[in-house]
Amino acid sequence: YTLDNDVLTTEQRQFYEDNGYLLIKKLVSDKDIERFRKEFIRICKKEVNPPGAMTMKDESLRFQYGQSERVINKVQDFQEDEELFRYCTLPEVLKYVECFTGPNIMAMHTMLINKLPDSDKQTFLHPMHQDLHYFPFRPADLIVCAWTAMERADQNNGCLVVQPGTHKEPLKPHGYPEWEGKTNKLFHGLLDEDEKSPRVHVVMEKGDTVFFHPLLIHGSGINKTSGFRKSISCHFASSECYYIDVKNTTQEHLEKELVDMVQKKYNMTSMKLRDIWNFRARLVQGERINL
């Protein structure tokens, strides 16, 4: 799961091999995080509108708060926003990414998550899932997520929860969980979850960054505090990865849902999952080969 490199210690490599994730403390500077936070606020206030970015809102709060960070829980696909996309090009992040992907690195999927306070409705609970469910490219072992805490993340405000070692398991069927109340669009979860599998709450301080495999089963809890829990992340892949056809696989229904959403948003008629990913993908290091 890791490539030969002189960045990771033997212990760090072994930890990732065994567990499917690795936490690096204080990797991203406070200065960079404050710049990302400022840009997120500007997007919330519609002072900037990056092409292709999707802002996800809690519509029930819009009447109360209007356009503000109290309403927007995620900015996805910020690859056209120069300021936020800086995250994907930080040398300190790419240095670690290369240990998993090799030297030719594509930024494939970007998100700034603003987990809103949510004590009773569980709207922003993300069910346990494997990220590979969303990706029509392989091999899985040349994909890694970098996820940086923009403030302390713990069990009170809904930190990441991982099931160590599950990156060695195959991709499982996903769908919408049968929860009472609302589930957010595309917040798919495992349909058959092993409740007995051990879980680790990944407690992180501001600037800490966790790198994890796309088959690692993970999720996040609800934010029981009155503040926001922000994080910024990017899924990186080797540009040597290749697209696959998800027809007749467990990912087929996801393709339909995502393509329908994009066709409605951009009023396009013919669109494939691969087209969406081609639009998102950006080369950040080395050369572009397949993706």
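In the nomenclature of an unreviewed UniProt entry, the protein corresponds to Phytanoyl-CoA dioxygenase, peroxisomal from the organism Pampusana beccarii. Database annotation for the protein, UniProt heading Sequence similarities (unreviewed entry): "Belongs to the PhyH family."

Asks: Is there a simple way to explain the overall build of the protein in this structure?
Replies: A tally of regular secondary structure across the protein gives 7 helices and 16 strands. Here the protein holds 291 residues, and the buried ones make up 55% of them. Considering only contacts in the protein between residues 6 or more positions apart, those separated by 24 or more positions represent 83%. Surface exposure of the protein reaches about 13,400 Å², of which carbon and sulfur atoms provide 50%.

Asks: Would you mind showing me how to read the sheet that holds strand β8 (residues 160-163) here?
Replies: Strand pairing in a sheet relies on backbone hydrogen bonds, with the paired strands running either antiparallel or parallel. What the 4 strands build is an open sheet, ordered β5-β13-β8-β11; its pairing is antiparallel. Every other strand in the sheet has two partners, leaving β5 (126-129) and β11 (200-202) as the edge strands with one partner each. The average angle at which neighbouring strand axes cross in this sheet is 20 degrees, direction not considered.

Asks: Which parts of the structure should I look at to understand helix α6 (residues 252-266)?
Replies: An α-helical turn contains 3.6 residues, so any two residues separated by three or four positions project in the same direction. Between the first and last C-alpha of α6 there are 21 Å, a value that for 15 residues agrees with the 21 Å anticipated at 1.5 Å per step. For α6, the set of buried residues is Leu254, Glu255, Glu257, Leu258, Val259, Val262 and Gln263. Residue Asn267 follows α6 closely and has a positive phi angle near 55 degrees.

Asks: Can you walk me through the packing of aromatic side chains in this structure?
Replies: Each aromatic ring pair is specified by the distance between its two centres and by the angle formed by the two planes. All told, the structure shown has 9 aromatic pairs when counted by the stated rule. Ring pairing ties together the aromatic residues Tyr16, Tyr96, Phe100 and Phe211, which thus form one cluster.

Asks: Could you clarify how one ought to interpret the nonpolar core in this entry?
Replies: By size, the foremost hydrophobic cluster in this structure holds 37 residues, and its most contacted members are Tyr87, Cys88, Val93, Phe211 and Phe236. Secondary-structure elements contributing two or more residues to this core are β1 (21-24), α2 (30-44), β3 (72-76), α4 (82-89), α5 (91-101), β4 (105-115), β7 (143-149) and β14 (229-238). Take this core: its biggest share by element is 6 residues, from α5. Within the second largest apolar cluster, 23 residues are counted, among which are Phe135, Leu258, Leu273 and Leu291.

Asks: What exactly am I supposed to notice about the environment of Pro103 here?
Replies: Along the chain, the position of Pro103 falls in the loop between α5 and β4. Sequence separation between Pro103 and Gln285 is 182 residues; the distance between their C-alpha atoms is 6.7 Å. In this structure Pro103 touches Glu98, Gln285 and Gly286, once residues within four positions along its chain are discounted.

Asks: Explanation requested: the pairing of strand β12 (residues 209-212) in the structure shown.
Replies: A regular strand places its side chains so that they alternate between the two faces of the sheet. Across the two faces of β12 the burial is the same, with Thr209 and Phe211 and Val210 and Phe212 all buried. Sheet topology note: the β1/β12 ladder contains 4 bridges and is antiparallel. Bridge assignment links Leu23 to a residue of β12, and that residue is Val210. Strand direction decides the pairing type here: β7 and β12, joined by 4 bridges, are antiparallel. Bridge pairing in β12 links Trp147 to Val210.

Asks: Explain the environment of His167 to me, please; I cannot follow it from the model alone.
Replies: Within the element layout of this structure, His167 appears in the loop between β8 and β9 (174-175). Sequence-wise, His167 and Asp141 are 26 residues apart; in three dimensions their C-alpha atoms are separated by 9.2 Å. Excluding its chain neighbours within four sequence positions, the residues that come into contact with His167 are Tyr1, Tyr16, Glu17, Asp18, Asn19, Gly20, His213, Leu215 and Leu216. Reaching out from His167, the side chain makes a polar contact with the backbone oxygen of Glu17 at a distance of 2.9 Å.

What counts and what doesn't
- Residues numbered from 1 in each chain as written.
- Predicted model: local features only at pLDDT ≥ 70, side-chain atom pairs only at ≥ 80, totals over all residues.
- Heavy atoms only, no water.
- UniProt positions renumbered as here; feature names shortened; annotations may be inferred.
- Helix = DSSP H or I, 4+ residues; strand = E, 2+ residues; numbered from the N terminus.
- Buried < 20%, exposed > 50% of the residue type's maximum accessible area, 1.4 Å probe, protein only.
- Contact = heavy atoms within 4.5 Å.
- Areas by Shrake-Rupley, 256 points an atom, 1.4 Å probe, with all protein chains shown as cover.
- Pairing = 2+ DSSP bridges.
- Axes fitted to C-alpha atoms, helices over the stretch in contact; angles between N-to-C directions.
- Expected span 1.5 Å × (residues − 1).
- Phe/Tyr/Trp six-rings, centres within 6.5 Å; stacked < 30°, edge-to-face > 60°.
- Core = buried A, V, L, I, M, F, W, Y, C linked by side-chain atoms within 4.5 Å.
- Polar contact = N/O pair within 3.5 Å; in protein donor to acceptor, adjacent residues only side chain to side chain.

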